[in-house]
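The residues making up each chain are set out below.
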Amino acid sequence: MTTPSLTLFYIVEPPDYQIMACMLLASIRQNFGPEVKAVGYCPEHCMGELDPAVLKAHAMAGAEVRPMKTEGMWDEPYPHGNKIVACLQKRETEFSAFVDSDVLFLEPNTPSALVKPGHVSCSMAASMQWGDHATWERIYAHFDMPVPEERLVLMRQKALGPVVPYFSAGFILFPEAAGPQGRFPDVWYDTARELDRDTDLPKRRPYLDQMTLPLAIQRAGMRWNILPEEEHFILGGQLRGKPLPKNRGIKTVHYRNFAVLRETGLMATGRAMQREEFGVAYIRNLNGAAAEEEEA
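Let me begin by describing the structure that accompanies this report. (Residues numbered from 1 in each chain as written. Predicted model: local features only at pLDDT ≥ 70, side-chain atom pairs only at ≥ 80, totals over all residues. Heavy atoms only, no water.)

Note on placement: Met 20 falls in helix α1 (residues 16–32). For Met 20, a relative accessible area of 8% translates into the label buried. In sequence terms Met 20 and Ser 101 are 81 residues apart; their C-alpha atoms lie 5.6 Å from each other. Look past the residues within four positions of Met 20 in its chain and what remains in contact with it is Ser 101, Asp 102, Tyr 255, Arg 256, Asn 257 and Phe 258. (Helix = DSSP H or I, 4+ residues; strand = E, 2+ residues; numbered from the N terminus. Buried < 20%, exposed > 50% of the residue type's maximum accessible area, 1.4 Å probe, protein only. Contact = heavy atoms within 4.5 Å.)

Written as structure tokens, this is what we have:
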């Protein structure tokens, strides 16, 4: 069986996401090799603000930074929705995967372990703070859809027990080909825009992307493929200050911010991958002279 072709894509936006994106890019090349494409998307109105070192890093890694139109894509500005806009862009591979910029790949991996035809691969969300079962009933009723009978356990809120399927939007893999209802990203975008117009729905922002993800999967005529926690291990929250569990085979961490990355001892790992891919001079140029000291 041939390995499915895959593009890993992410947001490259100044000031902070461009720095995180370059560490993510180094980890992609170290753990997926050159066969997997890597594309960073920058809001087109911010392209001129990118640090030249960011563009150089992508060129060195055989990756691209592509502009995308974000202004006017929502009724009101919704920066969190940039990931959905990035998903809308057309790519040349069989599968694509949106990756939050604050993610780091730690171990070698392959597309075959992550993607599944006819499915959207994603992990359970860490927690759900914006509603309860009644909220899900309202959201599904908005689209004249029944609430799924399936129940799953959240990644970091296990004491809550089984809940309506709710997924993280930080690592999502999907087929690029259109299904019976169109491309998955188009359905997700339409679903999110429609629910956003329900102004009486509390807390729909900034959670609109994750609120609508399970509905969009179903509306697109697809199913979800639940990734094991080791493929998208979410740090922070109740794990704050704790070391990364050993002997778990954790391949990917979602660290949220550099403070969490330092606390787990993984900043040195990220810097080492950057050095391997881009060299020490690049790290100092992008992150400042203090970058090396941060590893200590």
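Still more to cover.
A separate point is the sheet that holds strand β5 (residues 103–105). Across the sheet, which stays open at both edges, the 3 strands sit in the order β5-β10-β9 with mixed pairing between neighbours. Strands with a single pairing partner mark the edges of an open sheet, and in this sheet they are β5 and β9 (233–234). Where β5 meets strand β10 (residues 252–254), 3 bridges bridge the pair, whose relative direction is antiparallel. By the bridge assignment for β10, Phe 105 is matched with Thr 252. (Pairing = 2+ DSSP bridges.)

Glancing now at the environment of Cys 42. Position of Cys 42 among the secondary structure elements: in strand β2 (residues 37–43). Looking at Cys 42, the relative accessible area reads 0%, which means it is buried. Residues Cys 42 and Tyr 17 lie 25 residues apart in sequence; the distance between their C-alpha atoms is 9.6 Å. With sequence-adjacent residues up to four places away left out, Cys 42 is seen in contact with Val 12, Pro 14, Met 47, Leu 50, Val 65, Arg 66, Pro 67 and Met 68.

Between two packed helices, the angle of one axis relative to the other and the distance separating the axes together describe the packing. One can describe the packing of helix α5 (residues 184–196) onto helix α6 (residues 204–219) by two numbers: an axis separation of 8 Å at closest approach and a directional angle of 130°. Looking at the two axes, α5 sits oblique to α6. Relative to α6, the crossing made by α5 is right-handed. Residues Phe 184, Val 187, Trp 188, Thr 191, Ala 192, Glu 194, Leu 195 and Asp 196 of α5 form the contact with α6, whose participating residues are Arg 204, Arg 205, Leu 208, Asp 209, Met 211, Thr 212, Leu 213, Leu 215, Ala 216, Ile 217 and Arg 219. Looking at the contact of α5 with α6, its residues break down into 11 nonpolar, 2 polar and 6 charged. (Axes fitted to C-alpha atoms, helices over the stretch in contact; angles between N-to-C directions. Parallel < 35°, antiparallel > 145°, perpendicular 65-115°, else oblique. Left-handed = near helix turned anticlockwise from the far one by under 90°. Nonpolar A, V, L, I, M, F, W, Y, C, P; charged D, E, K, R; others polar.)

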